[in-house]
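Structural description and commentary
One-letter residues, chain by chain:
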Amino acid sequence: MSLFRKKSITDLIREVGQKDITLKKELGAFDLTMLGIGAIIGTGIFVLTGVAAAEHAGPALIISFILSGLACVFAALCYAEFASTVPVSGSAYTYSYAIFGELIAWMLGWVLILEYGLASSAVASGWSGYFQGLLSGFGIHLPKALSSAYDPANGTYVDIPAIAIIFIITLLLSQGVKKSARLNTIMVTIKIAVVLLFIAVGVWYVEPANWTPFMPFGFSGVVNGAATVFFAYIGFDAVATAAEEVKNPQKNMPIGIIASLMVCTILYIVVSAILTGIVPYTELGVKNPVAFALNYINQDWVAGFISLGAITGITTVLLVMVYGQSRLFYAISRDGLLPKVFSKIDKKRQTPIVNSWITCVLVAFFAGVLPLNKLAELVNIGTLFAFMTVSIGILYLRKNKQAPSTGFRVPFVPWIPILAFLFCGYLALQLPAVTWKGFGIWLVIGLVVYFGYGRRHSKLNKNKERMNKAS
């Protein structure tokens, strides 16, 4: 039973106020909404839309985005209730500690480390590609050996731009969450303006004939497309990791999570409709589909702005992902399941600076040295696993009457959590077998780490030992 020992919601909230481990409360609903949009709109809208249309869904990509969006909306409602009820860093990891106990919480935290870590590394690699494209426009070219991840066959050994942007992001985060949020808001405003520019220009060039056949790969293609573009929605859950740094979290956390997801879903649907209306879906299998569509209709000047928007958009995704990773390490360390260094807070800036730089080194290593294209689906499966766990957690929360009556409440329980679980489970089953094998290996490694370190150093375990000695 010690594997499933729990922390009560009251204990979790009480720990937040303990001396020397308090994070500064500076974020409001607008900051959270912008963080969410910053995390969601990036590689999904600027990269994945073309591949998903060309290889999976065709013009029915619109339905793929709606299916993925529904799965996320249902899960977002569940996240919103937990974030309002348990305004503590750690997101789904912390919620699971209160609902399912230590072992499940650790495994979920371990999965989230995979999600944020690989997503950060993959996004940094994408940023490097766009940045080098921008430099080449000015006639500047990096040595090939320093331009991409380790691949001696192609003459590349390390991705210097990817490493550099992660260090810059970490330097910013170490200055405090409010400064980071301000810069994020500026960059989010730029990329939303760029997306709206594409919509305003592109809508006049839509050819309805390009939407026929609407579903060339059948409904199975639409579902596969939904599983692919699900990556485009990853990020709103990172908003929940900011809970301890939010003013009035009971009110502001649900607004930030739900508002950011709704804005992004609408933009995704409109952009995919215009994209497939401008260019025949068979020609969209490119890395920069939005810019490609504008070149297709000879609007090269707008395509230049799109490239700028893509770089800005990917930067904000990286900012929120690295932030989420550091706050996750902080929460797990505070519970004793990771070394204490991860939960050490700088007294002046009230942020976990040492933790942030350790996160930086780890993410930079993966981004700079390891080719991550084959591991992208692991990010999806980790996220879906977290969403499913949180959805079931709401049912436990209500059944055991653990939630206080104040704060946001998921409507239509148990139907919304059940739908969230089923939608996410269905999308997870669409992922390839090799992804499931990789996910299984990661879980086994997590179990080894838990039984080798976490279980013995857990605060709950030490409390139990003290009680036994006292008796």
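A few points on the structure. Not measured: the values here are computed from a predicted model.

**Considering the overall build of the protein chain**
Along the backbone of the protein chain there are 18 helices and zero strands. Taking 471 residues into account, the globule formula puts the C-alpha radius of gyration at 23 Å, and the protein chain, at 22 Å, falls close to it. Over its C-alpha atoms, taken along the principal directions, the protein chain stretches across nearly 80 × 50 × 40 Å. For the protein chain, the residues scored as buried account for 57% of the 471 residues in total. Across the protein chain, the fraction of contacts at a sequence separation of at least 24, relative to all contacts at a separation of at least 6, is 83%. As displayed, the protein chain has an accessible area near 18,800 Å², and 69% of this comes from carbon and sulfur atoms. Put simply, the protein chain has 35 plus and 21 minus side-chain charges, and the middle of one group is 12 Å from the middle of the other.

**Quick look at the packing of aromatic side chains**
Going through the model one piece at a time under the given rule, you end up with 21 aromatic pairs. Consider the rings of Trp 106 and Trp 110, whose centres lie 5.4 Å apart with planes at 25 degrees: the pair is stacked. Here the residue Trp 106 and the residue Trp 110 both occupy positions in helix α6 (residues 102-137), the gap between them amounting to four residues, near one helical turn. By the burial criterion, Trp 106 is buried, and Trp 110 matches it. Members of the aromatic cluster, joined through ring pairs, are Trp 106, Trp 110, Trp 442, Tyr 450 and Phe 451.

**Remarks on the pattern of salt bridges**
Counting across every chain of the model gives three salt bridges. When the shortest N-O distance is used, the salt bridge between Glu 81 and Arg 398 registers 2.8 Å. Note that Glu 81 is positioned in helix α4 (residues 61-85) and Arg 398 in helix α15 (residues 376-399), a separation of 317 residues in sequence. Overall, Glu 81 belongs to the buried group, its relative accessible area being 0%.

**Observations concerning the packing of helix α7 (residues 160-173) against helix α13 (residues 300-334)**
With their axes 10 Å apart at the nearest point, α7 and α13 run at an angle of 60 degrees to one another. By the angle between their directions, the pair α7 and α13 is classed as oblique. The chirality of how α7 crosses α13 is right-handed. Facing Ile 165, Ile 166, Ile 169, Thr 170, Leu 172 and Leu 173 of α7, the residues of α13 in contact are Thr 315, Leu 318, Leu 319, Val 322 and Tyr 323. Residues belonging to the contact of α7 with α13 are distributed by class as follows: nine nonpolar, two polar and no charged.

**Remarks on the state of the cysteines**
Under the defined criterion, the tally for this structure stands at zero disulfides. Among the cysteines around Cys 424, which has no disulfide bond, Cys 72 carries the closest sulfur, lying 6.6 Å off.

**A short note on a nonpolar patch on the surface**
Side chains of Phe 412, Trp 415, Ile 418, Phe 421 and Leu 422 sit close together on the surface and give an oily, nonpolar patch of about 560 Å² of accessible area. By the secondary structure assignment, Ile 418 is in helix α16 (residues 415-429).

**Observations regarding the environment of Gln 175**
Secondary-structure assignment places Gln 175 in the loop between α7 and α8 (177-202). Taking the C-alpha atoms as reference points, Gln 175 and Val 263, separated by 88 residues in sequence, lie 29 Å from one another.

**With respect to helix α17 (residues 433-457)**
The first and last C-alpha atoms of α17 sit 35 Å apart over 25 residues, in line with the 36 Å expected at 1.5 Å per residue. A bend of about 50 degrees at Tyr 450 is the largest found in α17. Turning to α17, its buried residues are Thr 435, Phe 439, Gly 446, Tyr 450 and Gly 454.

**Regarding a positive patch on the surface**
Taken together, the side chains of Lys 179, Arg 182, Lys 348 and Arg 349 define a basic patch exposed on the protein surface. By the secondary structure assignment, Lys 179 is in helix α8.

**Focus on unusual backbone geometry**
For the bond from Thr 212 to Pro 213, the omega torsion is -5 degrees, close enough to zero to count as cis. Topologically, Pro 213 is positioned in the loop between α8 and α9 (218-229). Residues Val 413 and Pro 414 are joined by a peptide bond in cis, for which omega reads 15 degrees. Examined against the element boundaries, Pro 414 turns out to sit in the loop between α15 and α16. The phi angle at Asn 248 is positive, at roughly 50 degrees, despite the residue not being glycine. By the element assignment, Asn 248 lies in the loop between α10 (236-239) and α11 (249-278). Among the residues examined, Asn 248 registers a relative accessible area of 43% and is labelled partly exposed. Although it is not a glycine, Phe 412 adopts a positive phi angle of roughly 55 degrees.

**What about the packing of α4 against helix α5 (residues 92-99)?**
Interhelical geometry of α4 versus α5 gives an angle of 75 degrees and a closest axis separation of 10 Å. Accordingly, the angle class assigned to the pair α4 and α5 is roughly perpendicular. Contact residues: α4 offers Tyr 79, Phe 82 and Ala 83, while α5 offers Ala 92, Tyr 95 and Ile 99. The class makeup of the residues in the contact of α4 with α5 is six nonpolar, no polar and no charged.

About the thresholds
- Residues numbered from 1 in each chain as written.
- Predicted model: local features only at pLDDT ≥ 70, side-chain atom pairs only at ≥ 80, totals over all residues.
- Heavy atoms only, no water.
- Helix = DSSP H or I, 4+ residues; strand = E, 2+ residues; numbered from the N terminus.
- Rg over C-alpha atoms; globule rule 2.2 N^0.38 Å.
- Buried < 20%, exposed > 50% of the residue type's maximum accessible area, 1.4 Å probe, protein only.
- Contact = heavy atoms within 4.5 Å.
- Areas by Shrake-Rupley, 256 points an atom, 1.4 Å probe, with all protein chains shown as cover.
- Lys, Arg positive; Asp, Glu negative; His and termini not counted.
- Charge placed at Lys NZ, Arg CZ, Asp CG, Glu CD.
- Phe/Tyr/Trp six-rings, centres within 6.5 Å; stacked < 30°, edge-to-face > 60°.
- Salt bridge = Lys/Arg side-chain N within 4 Å of Asp/Glu carboxyl O.
- Axes fitted to C-alpha atoms, helices over the stretch in contact; angles between N-to-C directions.
- Parallel < 35°, antiparallel > 145°, perpendicular 65-115°, else oblique.
- Left-handed = near helix turned anticlockwise from the far one by under 90°.
- Nonpolar A, V, L, I, M, F, W, Y, C, P; charged D, E, K, R; others polar.
- Disulfide = S-S within 2.5 Å.
- Patch = residues over 30% accessible without salt bridge, like charges linked within 9 Å, V, L, I, M, F, W, Y side chains within 5 Å.
- Expected span 1.5 Å × (residues − 1).
- Bend = angle between axes of the 7 residues up to and from the residue.

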